[in-house]
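This is what each chain is made of:
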Amino acid sequence: MLRTLFLLLSKAFWAQRMITRWGPAWRAASRFIAGETLAEALKVVGELNSRGILATLDHLGENTTHADAARLAAEEVMTALDAIQAHELRANVSVKLSQIGLAFDEQLCRENIKGILEKALRSENFVCIDMEDSFLTDATIAVYRWARQQGYDNVGIVFQAYLYRTAIDIQSLAEMGVRVRLCKGAYKEPPERAYPRKRDVDSSFDHLTALLFEISESQGMPRLSADGRVPPVPGIATHDAARIEYARRRADSMGLPRDALEFQLLYGIRRDLQSQLVAQGYPVRVYVPYGSHWYPYFMRRLAERPANVWFLLSNFFRA
Ligand code: FDA
C-alpha cells in the first residue's frame, strides 16, 4: 500500500514541487544522496575507497523531455568520468537512458551514450546502464545491444528480477559477453509483467544469480579490473542478507573466485553489510547518487521500506 503510494508520488509533479520545497525533506533525502554537487559526491567516493569500497557515480535525473537537457545530462556524466580519472578514484558511472533522451528521441540517446562511452574508453572506465520502468525495457536493451555492436565493450546493463522476462533477456545477450548488475526492481509494475509477491521476486533473484554465475563460468570467470572500474560479469545488487548468502554459497560451490563477482549496495543503506562483505574478501561497490534531481530517487527509497517514512516524519518534527 505505502509502496504503491510512494511510487505514484515519485511521478507526480505537484508532489515533487511541494516536497522539494520543504526543507526537512532534503535533510531526510541526504541519507541516500551524496550531495547536490559532483564535488560532494567525489568526497564520498574518496571516503568509500579509503574503506576498501568501490563506487559507481550516478548523476541524478530521469525522463528528460528536451534535447538540450538530454545533452547537458550526458555532459555531466562525461565531467564525472574526467573527475574520476583526475582524482584516481576506484569508481565507474551509472546512467539512466531516459535522462539522456531515450523517452523522446532514441537517436539522440544513442549519440549521447556513444559520447559517454568514448569518454569512458579514454580512461579505461566503464558505464553501467540502469534499468527503468518496463515501458523502456525493450528500448534500453536495444540501445545496449547497439552500443556493443558499435564495438564498445566498456558497457554493462542492469536487469530486474521482478520482471518475468528477465531470464530470457539475459540469455539473449549472453553470447555477446554481458556484464550485468542484477537488482530486484524498484518501479511500479503491473502483475502481467512482474511478480507481485516478494517471495517470488526473491526466488527469481536467486535463480538469475545462478544463471549469471553460469554465464561467467562459460566466459572464463572474468575478474574485477585492477583499478576497480570494470566489474566482473555478475554484480549482485541487493541489501537482502538471504540473497547475498545464496550468492556466496552458490559461487563457492562453483569455485568462482571472490573477485569474479561483486556485491553492490546503495549509498546510505546497510553500511554494516558493506564492511562485512569487504572483510570477507568480496569486491563491494556502492551506488553513489548526487545532483539536484533527487526527488524520484528518494521516493523510490521511501517506497522500499515503510520505516523510512518515519525517518522522514522525524525530520519534520525536528524542523
Ligand atoms: P529488499 O527490498 O527485500 O530489502 C532487503 C533489506 O535491505 C531490507 O530489509 C532493509 O534492511 C534493506 N533496505 C532495502 N531498501 C532499503 C531502503 N530503501 N532503506 C533502508 N533499508 C533498505 N532498481 C531498478 O529498478 N533499476 C536499477 O537500475 C537499479 N539499480 C540499483 C543499483 C544498486 C547498486 C542497488 C543496490 C539497487 C538498485 N536498484 C535498481 C534498486 C533495487 O531494485 C531495489 O529496489 C533495492 O535494492 C531494494 O531491494 P533489496 O534488494 O535491497 O531487497
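**Quick notes on helix α11 (residues 271–279)**
Right, on to step 1. All buried positions along α11 are accounted for by Leu-273, Gln-274 and Leu-277. Seen from one end, α11 has its buried residues packed into an arc of 105°, which puts them on one side. More than 90 degrees from the buried face of α11, the exposed residues found are Arg-271 and Ala-279.
Right, on to step 2. For α11, the elements touching its buried residues are α4 (38–50), α10 (241–254), β7 (262–266) and β8 (284–290).
Right, on to step 3. Immediately beyond the C-terminal end of α11, within one or two residues, lies Gly-281, with a positive phi of roughly 95°.

**Describing the site of the ligand**
Right, on to step 1. In the vicinity of the ligand lie 26 residues, with Lys-184, Gly-185, Thr-238, His-239 and Glu-304 positioned nearest.
Right, on to step 2. Within the side chain of His-239, a nitrogen or oxygen atom sits 2.7 Å from an oxygen atom of the ligand.
Right, on to step 3. Between the ligand and Glu-304 there is a distance of 2.6 Å, counted from an oxygen atom to a side-chain nitrogen or oxygen.
Right, on to step 4. Of the residues forming the shell around the ligand, the biggest block, 3 residues, is contributed by β7.

**As for unusual backbone geometry**
Right, on to step 1. Positive phi values are uncommon outside glycine, yet Asn-63 reaches one of about 55°.
Right, on to step 2. Among the secondary structure elements, Asn-63 is positioned in the loop between β1 (54–59) and α5 (67–86).
Right, on to step 3. A positive phi angle, near 50°, is found at Arg-270, a position not held by glycine.
Right, on to step 4. Mapped onto the elements of the fold, Arg-270 is located in the loop between β7 and α11.

Cut-offs applied
- Residues numbered from 1 in each chain as written.
- Predicted model: local features only at pLDDT ≥ 70, side-chain atom pairs only at ≥ 80, totals over all residues.
- Heavy atoms only, no water.
- Buried < 20%, exposed > 50% of the residue type's maximum accessible area, 1.4 Å probe, protein only.
- Helix = DSSP H or I, 4+ residues; strand = E, 2+ residues; numbered from the N terminus.
- Arc of directions from axis to C-beta.
- Contact = heavy atoms within 4.5 Å.
- Near = heavy atom within 4 Å.
- Polar contact = N/O pair within 3.5 Å; in protein donor to acceptor, adjacent residues only side chain to side chain.

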